Amino acid sequence: MKTLTLILSLAVSAPVWAETPAELLAAYKAEATQAQPGFTPSAERGRQFFLAKRPVNDKMNSCAACHTENPRQAGSHVITGKTIGAMAPAANPERFTSSAKVEKWFRRNCTEVVGRACSAAEKADFIQFLSAKA
Amino acid sequence: MNKSLLILALCALSGLARADDVRPLGKVLPTWQNECAACHLAYPPSLLTAEDWKKMMSGLDRHFGANASLEPADRAGITTFLEQNAARRKPERHSAASLRITDTPWFQREHREVASATWKSSQVKSAANCAACHPGAAQGDFEENRVRIPAAGRKG
């Protein structure tokens, strides 16, 4: 049983195998806990992170600039106008179902909006906020 | 009517740039379609030179104000696809220092009748938004007789 638990927890902590929002969230949480023991994802922290206005890029000055303030609504690219599907998995079931895709967009958008890579803790909070039932 | 026909004939004879410069693609590379259409239209490769595409693909982290970086394998595959389908005839008409298709001599000539107010209108927003006036843009259809310019801005 201990061995099985160990194998399962190893599987969960490797983002490359994740295919559901819950699995991705668990993977980022595990990664964040390594740097910060006792870390718990927070939807409120994720919400503030999502809405925060930043000075890095004047058009893309927050996540909400493209993804709108309500993640259950479709957004649009602030420069090209292209429609962007809703971010909340409850509104858009394909969200957070591919770790490769999620990592790609975190890499791009964090660099553009935040000016650096996002930490595992920030990613966990972000998914926690978007997965909120309320 | 006769005057229009005469002008049309002269245009055809003088070999001015036509929508034929948008060369239809043989085989579409799926990653090109998926990656390049994520934020905007996957612009027809024949609208820029191979050199311009290569420059653009080597600076994707600084892609017109955005970060469009790719995994190395995807980047290499898309670059090859773009180079293979790039502008062939009159390459100087399909090149711009800014690497913007909308800054190329060909584009500027093709769109010389479009009022500047049209580009800024809420329905269009920018010249990069092909589908605003070219409903078939996503399928590579830029035929002039299917153009629909929204509201004010259309001449004649």
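Coordinates for the structure precede this section.
Please read these numbers as outputs of a predicted model, since none were measured by experiment. Sequence positions are assigned chain by chain, starting from 1 and proceeding in written order. Chain labels run from A onward and ligand labels from 1 onward, assigned in the order the entries are written. Only residues with pLDDT of 70 or above have their local features reported here, since the model is predicted, and side-chain atom pairs are shown and tallied only from 80 upward, although totals for entire chains, interfaces and linings are computed over all residues. To get the side-chain values, all heavy atoms of the structure are used, and hydrogens and water are removed first.

### Quick notes on the environment of Lys 120 of chain B
Residue and element names in this part refer to chain B.
Part 1 of the reasoning: Numbering goes from the N terminus for both helices and strands, where a helix is a DSSP run of H or I of at least four residues and a strand is a run of E of at least two. Locating Lys 120 in the fold gives a position in helix H6 (residues 116–120).
Part 2 of the reasoning: Among the residues examined, Lys 120 registers a relative accessible area of 67% and is labelled exposed.
Part 3 of the reasoning: Once the C-alpha coordinates of Lys 120 and Ala 37 are considered, the two residues, 83 residues apart in sequence, prove to be 22 Å apart. To sort residues, take the accessible area from a 1.4 Å probe on protein chains only and compare it with the maximum for the residue type: under 20% means buried, over 50% means exposed, and anything in between is partly exposed.

### A few points about the packing of helix H2 (residues 21–35) of chain A against helix H6 (residues 120–130) of chain A
Residue and element names in this part refer to chain A.
Part 1 of the reasoning: All axes here are fitted lines through C-alpha atoms, helices being fitted over the stretch that makes contact, and every angle between N-to-C directions spans 0 to 180 degrees. As a packed pair, H2 and H6 sit with axes 8 Å apart at the nearest point and diverge in direction by 150 degrees. Comparing their axes, H6 and H2 come out roughly antiparallel. Viewed along their axes, H2 and H6 form a crossing whose handedness is left-handed. For the pair formed by H2 and H6, the contact residues are Pro 21, Leu 24, Leu 25, Tyr 28, Lys 29, Glu 31 and Ala 32 on the first element and Ala 120, Ala 121, Lys 123, Ala 124, Ile 127 and Gln 128 on the second. When describing relative orientation, an angle under 35 degrees is termed roughly parallel and one over 145 degrees roughly antiparallel, while 65 to 115 degrees is termed roughly perpendicular and anything else oblique. In a left-handed crossing the near helix is turned counterclockwise from the far helix by less than a right angle, and in a right-handed crossing that turn is clockwise. By definition, residues are in contact when any of their heavy atoms lie within 4.5 Å.

### Overview of the pattern of salt bridges
Part 1 of the reasoning: The rule for a salt bridge is simple: a side-chain nitrogen of Lys or Arg has to be within 4 Å of a carboxyl oxygen of Asp or Glu. Scanning the entire structure with this criterion turns up ten salt bridges over all chains.
Part 2 of the reasoning: Here Lys 123 of chain A makes a salt bridge to Glu 103 of chain A, at a shortest N to O gap of 3.0 Å. Of this pair, Lys 123 of chain A sits in helix H6 while Glu 103 of chain A is found in helix H5 (residues 99–114), placing the two residues 20 residues apart along the sequence.
Part 3 of the reasoning: Residue classification places Lys 123 of chain A among the buried residues on the basis of a relative accessible area of 11%.
Part 4 of the reasoning: For Glu 103 of chain A, a relative accessible area of 33% gives the class partly exposed.
Part 5 of the reasoning: One salt bridge in this structure joins Arg 116 of chain A and Glu 122 of chain A, with 2.7 Å as the shortest N-O distance.
Part 6 of the reasoning: You can call Arg 116 of chain A partly exposed: its relative accessible area is 40%.
Part 7 of the reasoning: The buried category is assigned to Glu 122 of chain A, whose relative accessible area is 16%.
Part 8 of the reasoning: Overlapping salt bridges, with partners in common, bring together Lys 104 and Arg 108 of chain A together with Glu 35 of chain B in one network.

### Considerations on the state of the cysteines
Part 1 of the reasoning: Cysteine sulfur atoms that come within 2.5 Å of each other are treated as a disulfide pair. Per the stated rule, a full pass over the model turns up one disulfide over all chains.
Part 2 of the reasoning: A sulfur-sulfur distance of 2.0 Å marks the disulfide that ties Cys 110 of chain A to Cys 118 of chain A. Handedness here is read from the sign of the S-S torsion; for Cys 110 of chain A and Cys 118 of chain A, about -100 degrees, the answer is left-handed.
Part 3 of the reasoning: With relative accessibility at 9%, the residue Cys 118 of chain A sits in the buried group.
Part 4 of the reasoning: In this model Cys 36 of chain B remains outside any disulfide bridge; the closest cysteine sulfur is found in Cys 39 of chain B, 9.7 Å from its own.

### Notes on the packing of aromatic side chains
Given two aromatic rings, their pairing is described by the distance between the two centres and the angle made by the two planes.
Residue and element names in this part refer to chain A.
Part 1 of the reasoning: Two aromatic rings, drawn from Phe, Tyr or Trp (for Trp, its six-membered ring), form a pair once their centres lie within 6.5 Å of each other, and the interplanar angle then sorts them: stacked below 30 degrees, edge-to-face above 60, tilted otherwise. Taken as a whole, this structure holds six aromatic pairs over all chains when the rule is applied.
Part 2 of the reasoning: Seen from their ring centres, Tyr 28 and Phe 106 are 6.0 Å apart, and the 85 degrees between their planes marks the pair as edge-to-face. A residue pair is termed long-range when its members are at least 10 positions apart, and Tyr 28 in helix H2 and Phe 106 in helix H5 qualify at 78 residues.
Part 3 of the reasoning: For Tyr 28, a relative accessible area of 1% translates into the label buried.
Part 4 of the reasoning: The buried category is assigned to Phe 106, whose relative accessible area is 9%.
Part 5 of the reasoning: For the pair Phe 50 and Phe 129, a centre-to-centre distance of 5.4 Å together with 55 degrees between the ring planes defines the contact as tilted. One end of the pair, Phe 50, is in helix H3 (residues 43–51); the other, Phe 129, is in helix H6, and 79 residues separate them in sequence. For the residue pair Phe 50 and Phe 129, the accessibility class agrees, reading buried in each case.
Part 6 of the reasoning: Cluster of aromatic residues (ring-pair linked, three or more members): Tyr 28, Phe 50, Phe 106, Phe 126 and Phe 129.
Part 7 of the reasoning: In this arrangement the basic side chain of Arg 54 is found over the ring face of Phe 49, its NZ or CZ atom lying 4.6 Å from the centre. Here, over-ring charges are defined by two tests on the NZ atom of lysine or the CZ atom of arginine: distance to the ring centre within 6 Å, and angle to the ring normal within 35 degrees.

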